[in-house]
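Here is what each chain is made of, one letter per residue.
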Amino acid sequence: MDNLVTEFILAVENHQINTELGDYKKTNKAYNNIIKSLTKLKLNGELLRLKDLLNHENYSVQLWASTCLILEGDKDAENKLIEISLANIKHVSFAAKMTIKEWEKGNLVLNY
């Protein structure tokens, strides 16, 4: 299962890099890879392994792991999203704010 977590991390890092570069084609491909990784983790009953990533060195990895875990009802994930939203990290803090907002409205969905 470690390879699935690594696959997830690499997809998130690619998503972050290409978002910052403004390359929407590569960003979309990375997004699809994130969803594929999440799907594999879910099918194997391993989504909670993402909890180890809440303190990953990369804030985008923290954001994506938190986003997934908040949908599983994880309180630590909610707290991490709040922390990231207040950290003033370009792109990532805004995404965390929007994630919290949509989650509170009941609109947050990840299709995996």
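Refer to the preceding data block for the structure.
Throughout what follows, the structure given in this document is the object of discussion. (Residues numbered from 1 in each chain as written. Predicted model: local features only at pLDDT ≥ 70, side-chain atom pairs only at ≥ 80, totals over all residues. Heavy atoms only, no water.)

Let's shift gears to the side chain of Asn58. Looking at the secondary structure, you find Asn58 in the loop between α2 (24-43) and α3 (59-70). Taking relative accessible area as the criterion, Asn58 reaches 14% and is therefore assigned buried. Not counting residues up to four positions away in its chain, the partners in contact with Asn58 are Glu13 and Gln16. (Helix = DSSP H or I, 4+ residues; strand = E, 2+ residues; numbered from the N terminus. Buried < 20%, exposed > 50% of the residue type's maximum accessible area, 1.4 Å probe, protein only. Contact = heavy atoms within 4.5 Å.)

With that settled, consider the packing of helix α4 (residues 75-85) against helix α5 (residues 92-105). Relative to each other, α4 and α5 sit at 135°, their axes nearing to 7 Å. As far as their axial angle goes, α5 and α4 are oblique. Here α4 runs over α5; the crossing is left-handed. Taken together, the residues of α5 that come into contact with α4 (itself represented by Glu78, Leu81, Ile82, Ile84 and Ser85) are Val92, Ser93, Ala96, Lys97, Thr99, Ile100 and Trp103. When its residues are assigned to classes, the contact of α4 with α5 shows seven nonpolar, three polar and two charged. (Axes fitted to C-alpha atoms, helices over the stretch in contact; angles between N-to-C directions. Parallel < 35°, antiparallel > 145°, perpendicular 65-115°, else oblique. Left-handed = near helix turned anticlockwise from the far one by under 90°. Nonpolar A, V, L, I, M, F, W, Y, C, P; charged D, E, K, R; others polar.)

Orientation of helix α1 (residues 2-21) relative to α2, taken along the N-to-C sense of each, is 160°, at an axis distance of 8 Å. One finds that α1 runs roughly antiparallel with respect to α2. The two elements α1 and α2 cross, and the hand of that crossing is left-handed. From α1, Leu4, Val5, Glu7, Phe8, Ala11, Val12, Asn14, His15, Asn18 and Thr19 reach across to α2, where they touch Lys26, Thr27, Ala30, Tyr31, Asn33, Ile34, Ser37, Leu38, Lys40 and Leu41. Its residues assigned to classes, the contact of α1 with α2 comprises 10 nonpolar, seven polar and three charged.

Most often, soluble globular proteins keep nonpolar side chains buried together rather than apart. Formed by 30 residues in total, the largest nonpolar core has its most connected members in Phe8, Leu38, Leu50 and Leu53. Only α1, α2, α3, α4 and α5 provide two or more residues apiece to this core. For this core, the element with the highest residue contribution is α3, accounting for seven residues. Apart from residues no more than four positions distant in its own chain, Leu50 is found in contact with Phe8, Leu38, Leu41, Ala65, Cys68 and Leu69. (Core = buried A, V, L, I, M, F, W, Y, C linked by side-chain atoms within 4.5 Å.)

Residues other than glycine seldom take positive phi values, yet Asn88 does so here, at roughly 60°. In the Ramachandran plot, His91 falls in the positive-phi region, its phi being about 70° despite a non-glycine side chain. The class for His91 is partly exposed, based on a relative accessible area of 38%.

Just geometry here; none of it tells us what the structure is for.
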